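The residues making up each chain are set out below.
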Amino acid sequence: MKTIKRSWAEPYKIKMVELLKMNSSAQRKKAMKDAGYNTFLLKSDDVYIDLLTDSGTSAMSDHQWSGMMMGDEAYAGSRNFYNLERVAKEVYGYKYLIPTHQGRGAENILSKILIKKGDIIPGNMYFTTTRLHQELAGGKFEDIIIDSAHDPENEFPFKGNVDLNKLEKLIKKHGADKIPYISIATSVNMAGGQPISMKNLKELRALTKKHNILIIHDMTRVAENAFFIQQKEKGYEMRSVKEIVKEICSYTDGATMSAKKDALVNIGGFLTINDWNIYEEARNMVVVYEGLHTYGGLAGRDMEAMAIGIGESVSDDHIRARVGQVIYLGEKMLSYGIPIVKPIGGHGIFIDAKKFLPHISQDNFPAQTLAAEIYLDSGVRTMERGIVSAGRKTNGENYYPKLELVRFTIPRRVYTQAHMDVIAESTRSVFERKNKIKGMQMIYEPKYLRFFQARFEKIK
Ligand SMILES: *Cc1c(COP(=O)(O)O)cnc(C)c1O
């Protein structure tokens, strides 16, 4: 019998809508020019479909919204904290939890507790805030992700894996006592949302056990990673995403969470850990930086929405549609011949701008140019991840990163399949006139993190 591929559909119906404004081509032209051809400087009101980030941009469910109405705004011992603590323990399995205002709040506390000056923190690719907190605490990040993670053409399904040889070399070179923990992200953001396999994680656990080194899990996108394990790793086809999430967490000693991603809230995060002594210290420190250990910078209602969001985030139906939507968009782009990073990751599509606009040299910002052209075509906002984001070295020279990408990040439960069609068709229409597109020059460059505020001008 021939099996026909069946479609999935969003596992929800829509109760309330937020109207979108559709600007004219002339309005977009003016808005883009006013923004110096930098999508970060556009006003949200001038954007039609916003794919700048999946952070804090999710749509909450009616359950989460009703949870907001049950906020217990007591200063200490809010009921919502205990709900959050109970759900997080049930879903992830770590022993102790401290809420924080968002992911970087947890990173700050954890780094200050575990890292001493001169320590080495190996990790499967850096993340901006994670690495910065490690450095501020006196540590040095070392990348131990497998080489193929840096190659957009390589279709290995688990490009988030750790290269255990790289790690062993680091342990040999510095000694295990210089390595307070290994920093492991699930669904590696900077590699394009690429997952780590359970097999790799188990091997990593065995190796770190031998050397008595902790594993701290950046679990921001753990549910998306679990979905890829279910779909692609032998032995996990019949397991639920919820079971897989718990197994992933069981091979690590604690985690930092930005609940603004997988956990379906607009603000929130936490630090969670199995070791009592680390917890004890974190509970002392959170009072200094975030707030009392039963609210950590959040309102009671935020913790309730997070508790409910965590439960929803590990439902198979939810995650199949979430990642399914990203894959739907990616496959549509591929069918139009548009060069994207493969395999398609869990939270967005990354266009290879060097291939899309091969006639524009990296000095004329192909990814920045492409993000601007897509906005001009349809009002879809994406972002540059290339030479502008990479910035300059300490000697003032530009970094020339291998990857020159435009990122389309998909917020959770916000847009429909029809929006994905509009995005792909707009990109195709830019692709069809790509030879007429010229690059840009930078006319204003800020000193730090220039991609946020730099301004550009089209080359005549
Ligand atoms: C967003 C993010 C963080 C930081 O979390 P915030 O909530 O933005 O502070 C850390 N790690 C990863 C992988 C992230 O994507």
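These numbers come from a predicted model, not from an experiment.

Q: Explanation requested: the side chain of Glu-384 in the structure shown.
A: On the secondary structure map, Glu-384 appears in strand S11 (residues 383-385). Of the buried charged residues, Glu-384 lacks a salt bridge, with Arg-385 as the closest side chain of opposite charge at 5.5 Å. Engagement of the side chain of Glu-384 in a polar contact is seen with the backbone nitrogen of Gly-386, the distance being 3.1 Å.

Q: I'm lost on the side chain of Glu-233 in this one. Help?
A: Secondary-structure assignment places Glu-233 in the loop between helix H8 (222-232) and helix H9 (241-250). The side chain of Glu-233 sits in the buried core without any salt bridge; Lys-202 is the nearest counter-charge, 6.6 Å away. Looking at Glu-233, its side chain comes within polar contact range of the main-chain nitrogen of Lys-199, at 2.9 Å. Apart from the residues lying within four places of it in its own chain, the contact partners of Glu-233 are Phe-158, Ser-197, Met-198, Lys-199 and Phe-228.

Q: When you look at helix H14 (residues 366-378) in this model, what are you seeing that I'm missing?
A: A turn of α-helix holds 3.6 residues, and therefore any two residues three or four places apart point the same way. With 13 residues, H14 should reach 18 Å at 1.5 Å per residue; the first-to-last C-alpha distance of 19 Å fits that figure. Where H14 is concerned, the buried positions are Pro-366, Ala-367, Gln-368, Thr-369, Leu-370, Ala-371, Ala-372, Glu-373, Ile-374, Tyr-375, Leu-376 and Ser-378. A positive backbone phi angle near 85 degrees is found at Gly-379, which sits one or two residues after H14.

Q: Before we go on, may I ask you to explain the nonpolar core in this structure?
A: Across soluble globular proteins, you tend to see nonpolar side chains buried next to one another. With 57 residues, the main nonpolar core has Tyr-92, Met-219, Val-245 and Ile-310 as its most contacted residues. Discounting chain neighbours no more than four positions away, the residues touching Ile-310 are Leu-84, Val-87, Val-91, Tyr-92, Ala-263 and Phe-270. Counting residues in hydrophobic clusters, the runner-up holds 31 residues, among them Ile-344, Ile-351, Val-380 and Ala-424.

Q: Explain the environment of Phe-141 here, please?
A: Within the secondary structure layout, Phe-141 lies in strand S4 (residues 140-143). Taking the relative accessible area as the measure of exposure, Phe-141 reaches 14% and is therefore buried. Along the primary structure Phe-141 and Lys-95 are separated by 46 residues, whereas in three dimensions their C-alpha atoms are 27 Å apart.

Q: Got a minute to help me understand the domain arrangement of the protein chain in this structure?
A: For the protein chain, the assigned domains read domain 1 (25-54 + 316-458) and domain 2 (62-313). Measuring from the centre of the C-alpha atoms in domain 1 to the corresponding centre in domain 2 gives 28 Å. Together domain 1 and domain 2 conceal approximately 2,200 Å² of surface at their shared face, both sides included; 53% is due to carbon and sulfur atoms. At the boundary of domain 1 with domain 2, the tally comes to seven salt bridges. Across the pair Asp-54 and Arg-221 runs a salt bridge, and its minimum N-O distance is 2.9 Å. If you look at where domain 1 meets domain 2, you find 14 residue pairs in polar contact (both at pLDDT 80 or more). Secondary-structure elements contributing two or more residues to the side of domain 1 that touches domain 2 are helix H12 (316-335) and strand S9 (348-352). At seven residues, the largest contribution of residues to the side of domain 1 that touches domain 2 is made by H12. Its residues placed into classes, the side of domain 1 that touches domain 2 shows eight nonpolar, four polar and 12 charged.

Q: Help me understand the site of the ligand, please; the structure alone is not making it clear to me.
A: The environment of the ligand is formed by 14 residues, the closest being Gln-102, Arg-104, Asp-218, Ser-258 and Lys-261. Between Gln-102 and the ligand, the recorded distance is 2.9 Å, taken from a side-chain N or O atom to an oxygen atom. One of the side-chain N or O atoms of Asp-218 is found 2.7 Å from a nitrogen atom in the ligand. When the free accessible area of the ligand is taken as 380 Å², the share hidden by the protein chains comes to 94%. Elements represented by at least two residues in the shell around the ligand include exactly helix H4 (103-114) and helix H5 (128-136). Of the residues in the shell around the ligand, the class split is one nonpolar, seven polar and six charged.

Q: When you look at the pattern of salt bridges in this model, what are you seeing that I'm missing?
A: Pairing between side chains of opposite charge can happen when the charged atoms of each approach one another. Counting across every chain of the model gives 29 salt bridges. Its salt-bridge partner being Lys-166, residue Asp-147 comes within 2.8 Å of it at the nearest N-O pair. In this pair, Asp-147 sits in the loop between S4 and helix H6 (164-174) while Lys-166 sits in helix H6, placing the two residues 19 residues apart along the sequence. The network of salt bridges with shared partners includes Asp-54, Arg-221, Glu-224, Asp-262, Arg-322 and Arg-412.

Procedures and definitions
Residues numbered from 1 in each chain as written. Predicted model: local features only at pLDDT ≥ 70, side-chain atom pairs only at ≥ 80, totals over all residues. Heavy atoms only, no water. Helix = DSSP H or I, 4+ residues; strand = E, 2+ residues; numbered from the N terminus. Buried < 20%, exposed > 50% of the residue type's maximum accessible area, 1.4 Å probe, protein only. Lys, Arg positive; Asp, Glu negative; His and termini not counted. Salt bridge = Lys/Arg side-chain N within 4 Å of Asp/Glu carboxyl O. Polar contact = N/O pair within 3.5 Å; in protein donor to acceptor, adjacent residues only side chain to side chain. Contact = heavy atoms within 4.5 Å. Expected span 1.5 Å × (residues − 1). Core = buried A, V, L, I, M, F, W, Y, C linked by side-chain atoms within 4.5 Å. Domains from an automatic or database assignment. Buried area = accessible area lost by both parts, 1.4 Å probe. Nonpolar A, V, L, I, M, F, W, Y, C, P; charged D, E, K, R; others polar. Near = heavy atom within 4 Å. Areas by Shrake-Rupley, 256 points an atom, 1.4 Å probe, with all protein chains shown as cover.

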